[in-house]
Amino acid sequence: MDLYFYNTLTKRKDLFKPINPEEIRIYSCGPTVYKDATIGNMRTNIFQDILRRVLRYNGYKIKHAMNITDVGHLVSDGDEGEDKMLKSAREEHKSPIQIAEHYTKLFFDDLKSLNIETPEIVCKATDHIKEMLEYVEELIKNGYAYETSTAIYFDVSKLDKYPILTNIELENQKAGARVNVDPEKRNPYDFALWIKAPENHLMKWNSPWGPSYPGWHIECSAMGQKYLGDQFDIHTGGIDLIPTHHENEIAQSKGKCEKIPANYWLHGEYLLINGGKMSKSLGNVYLLKDIKEKGYDPLVYKIFSYSCHYRNKLNFTWEGIDAASKSLERLRNSYQKNLNGTDELPEEDKQKLVQIEENFHKAINDDLNMPLAMSFVWEVARFEKKNPEVANLLAKFDTVLGIKIDEISSQKEDIPQEILDLVEQRKIARENKNWAKSDKLRDLIAEKGYTVKDTKNGMELSKVSKGTPFFDMLQ
RNA sequence: GGCGCCUUAGCCAAGCGGUAAGGCACGAGUCUGCAAAACUCUGAUGAUCGGUCCGACUCCGAUAGGCGCCUCCA
């Protein structure tokens, strides 16, 4: 089945044609590990995960590289200011390496919680200083870079066209309006490839230009080329990376080998909080931890993100999380019911399932249209006949969704004896048709964080955790 | 100043030039001692105005409101 991606490079949906159908090569701009990853960052990681899963659903093998930026970007100014890694290090009284290790671990913990696959290649910037230096030297050799008293700059005027990802005319831009432009730069839009370190700079390496450290964009170019080659299939990142980071990666690659590094550039939109941007100053930054602490299964956030296309802004609200929580619970419920279902599936129904699967496949292949795909997931989840074949289809869909649809809630032995006693008492009360006592016990159990329900098959007990179904049957 | 995006039922949110997917919530019902769960049913003419067209939510223009980028940011 044809696969389409909206390509920032061409500004339209393009049919996906792999360079080598045997292996799709992808590069994703990963985290800068100097602070907690927010749920906004995670939205982008979820989008990248869906991309992987959809490619695999289509039978492709993948070689996916993601960088860990452990030598900081600059804090604020164009090419100056304190390094972010160093700032965190100073504030938290740790070494830059400790900071990087700490936040790298937290980042991967979040990915794990969200059932996001780890890329085949995870590469740290500080492990590739040599490759970066070689890259810069080559740019100088090719005439695309020059040295000033403070840095090595990329000369954008040497390119046939800059920028190419956006339609802006540089003359109309207010370069330097908010940032002081280094007077030694040849063009205001020249960016630093390599920066000469001040005396007391913590992270620095020896180079032909003395103790110094890399600029922001060079790491992705160097590592992308090392692991995926001069040209690979797909490059991804957040939408904010378009005008600067990705533009400059393209510039670097053109300067080095006259090629645009990737054929398809996919960008994920922002997550909004109450209709606006998430920012520390507004105090509306949420972490995955915050969602967990409210008792939600972290995968609830994943479902939540499927309600909106990755190229549209998604507004985060707790109401939305609550809705997603119900959805996750119901989908898992449906899976279990179908797994244990004994309804016959007539040929007609089997045909229907085949048709729905095709619709699902078409939706995910149309630029990862998850909201539409979810509507077909629901069609299956709400299928009238309950049969393991229906469960199998849900499981197949879950290879894309990654919501652990086959997960059931905690085991009986996790339930405290106190609760089990109350349940037993209630059972006796019900047998004696003492409804008043029975209801009172149910309230008491609820107060202690458990929910008890009466079904035809007996009582169901579950911990009140949001997103997991009620499947602890107590006979 | 420049570039760009968005506005669909209470909320979240798709597709589509030919009379609006889905999820959550609400309401009604089936079931149940009750409740819960499950299942069934139920709602929008598409920010406003104008144009093109046999026909527009879907194209074009204008207006209003909201948002993003041009600086580090997913």
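What counts as what
- Residues numbered from 1 in each chain as written.
- Chains lettered and ligands numbered in written order.
- Predicted model: local features only at pLDDT ≥ 70, side-chain atom pairs only at ≥ 80, totals over all residues.
- Heavy atoms only, no water.
- Phe/Tyr/Trp six-rings, centres within 6.5 Å; stacked < 30°, edge-to-face > 60°.
- Helix = DSSP H or I, 4+ residues; strand = E, 2+ residues; numbered from the N terminus.
- Buried < 20%, exposed > 50% of the residue type's maximum accessible area, 1.4 Å probe, protein only.
- Contact = heavy atoms within 4.5 Å.
- Expected span 1.5 Å × (residues − 1).
- Polar contact = N/O pair within 3.5 Å; in protein donor to acceptor, adjacent residues only side chain to side chain.
- Pairing = 2+ DSSP bridges.
- Axes fitted to C-alpha atoms, helices over the stretch in contact; angles between N-to-C directions.
- 1 Å grid on protein atoms, 1.4 Å probe; cavity = no way out; pocket = protein on both sides within 12 Å on 5 of 7 lines; lining within 4 Å.
- Points joined across faces, edges and corners; volume = space filled by probe spheres on them.
- Nonpolar A, V, L, I, M, F, W, Y, C, P; charged D, E, K, R; others polar.
- pLDDT = per-residue confidence, 0-100.
- Core = buried A, V, L, I, M, F, W, Y, C linked by side-chain atoms within 4.5 Å.

Draft legend 1. Inspection of the packing of aromatic side chains at higher detail. Tallying each qualifying case throughout the model produces 17 aromatic pairs. Between F304 and F316, the ring centres sit 5.8 Å apart and the planes meet at 80 degrees, which makes this aromatic pair edge-to-face. Pair noted here: F304 is in helix α8 (residues 299–305) and F316 is in strand β14 (residues 314–316), with a separation of twelve residues, a long-range link. We note that F304, like F316, is buried.

Draft legend 2. Local environment of the environment of F232. By the secondary structure assignment, F232 is in strand β10 (residues 232–238). On the basis of relative accessible area, F232 is assigned to the buried category, the value being 3%. The sequence separation of F232 and K259 amounts to 27 residues, and the corresponding C-alpha distance is 10 Å. Beyond its immediate stretch of four places on either side in the chain, F232 contacts I19, R25, Y27, G224, P261, A262 and N263.

Draft legend 3. Spatial organisation of helix α1 (residues 39–57). Taking 1.5 Å per residue, 19 residues should reach 27 Å; α1 reaches 26 Å between its end C-alpha atoms and fits that length. Capping the start of α1, T38 holds a side-chain oxygen 3.1 Å from the backbone nitrogen of G40, two or three residues further along. G59 lies just past α1 and shows a positive phi near 90 degrees.

Draft legend 4. How the structure looks around the sheet that holds strand β8 (residues 191–196). On the basis of which strands lie adjacent, the open sheet formed by four strands has the order β6-β7-β8-β9 and antiparallel pairing. Edge strands, defined here as strands with exactly one partner in the open sheet, are β6 (145–147) and β9 (212–214). Pairs of neighbouring strands in the sheet enclose a mean axial angle of 25 degrees, with direction left out of account. Where β8 meets β9, three bridges bridge the pair, whose relative direction is antiparallel. Paired with I195 across the two strands is Y213, which belongs to β9. The strands touched by helix α4 (residues 129–141) are β6, β7 (151–154), β8 and β9; relative to β8, the strand with the most contacts, the crossing angle is about 120 degrees.

Draft legend 5. Main features of the sheet that holds strand β4 (residues 62–68). One open sheet accounts for five strands, arranged β5-β4-β3-β10-β11; its pairing is parallel. Among the strands making up the open sheet, the edge pair consists of β5 (121–124) and β11 (262–268). With direction set aside, neighbouring strand axes in the sheet form an average angle of 20 degrees. When strand β3 (residues 24–28) meets β10, the two strands line up parallel, connected through three bridges. Opposite Y27, over in β10, you have H235 as the bridge partner. Contacts from α1 reach β3, β4, β10 and β11, with the element oriented near 155 degrees to β10. Against the sheet, helix α6 (residues 242–257) touches β10 and β11, its axis set at about 155 degrees to β10.

Draft legend 6. Seen up close, empty space enclosed by the protein. On inspection of all chains with the given rule, the structure shows three cavities of 30 Å³ or more. Its boundaries defined by the atoms lining it, the largest cavity holds a volume of some 120 Å³. Taken together, R43, I46, F47, I50, S305, Y306, C308, H309, Y310, L368 and M370 make up the full set of residues lining the largest cavity. Per-element accounting of the lining of the largest cavity gives the leading share, four residues, to α1. Partitioning the lining of the largest cavity into residue classes produces eight nonpolar, two polar and one charged. Computed from the structure, the second largest cavity encloses a volume of approximately 100 Å³. Y135, S221, Q225, S253 and P261 are, among the 13 residues lining the second largest cavity, the residues nearest its centre. It is helix α5 (residues 218–228) that provides the largest number of residues to the lining of the second largest cavity, a total of four residues. Its residues assigned to classes, the lining of the second largest cavity shows six nonpolar, five polar and two charged.

Draft legend 7. Examining the confidence of the model for chain A more closely. Summary statistics for chain A give a mean pLDDT of 87 and a share of 90% for residues scoring 70 or more. Considering only residues more than four positions removed or in separate chains, one finds that residues 74–79, a stretch of pLDDT under 50, has 18 contacts. The low-confidence segment residues 469–475, where pLDDT is below 50, has 37 contacts with residues more than four positions distant or belonging to other chains. On the interface metric, ipTM, the complex scores 0.94, and its pTM is 0.91.

Draft legend 8. Representation of the nonpolar core. Membership of the largest hydrophobic core comes to 70 residues, with the highest contact counts inside it found for L55, I234 and Y301. Per element, the largest residue contribution to this core is nine residues, and it comes from α1. Beyond its immediate stretch of four places on either side in the chain, L55 contacts L3, F5, F16, I24, I26, Y60, I62 and I234. Among the nonpolar cores identified, the runner-up in size contains 39 residues, and M132, L133, W194 and A262 belong to it.

Draft legend 9. Inspection of unusual backbone geometry at higher detail. Look at the link from Y162 to P163: it is a cis peptide, with omega at -5 degrees. Along the chain, P163 turns up in the loop between β7 and β8. Notably, N115 is not glycine yet its phi reads approximately 55 degrees, a positive angle. Of the residues examined, N115 reaches a relative accessible area of 22% and is grouped as partly exposed.

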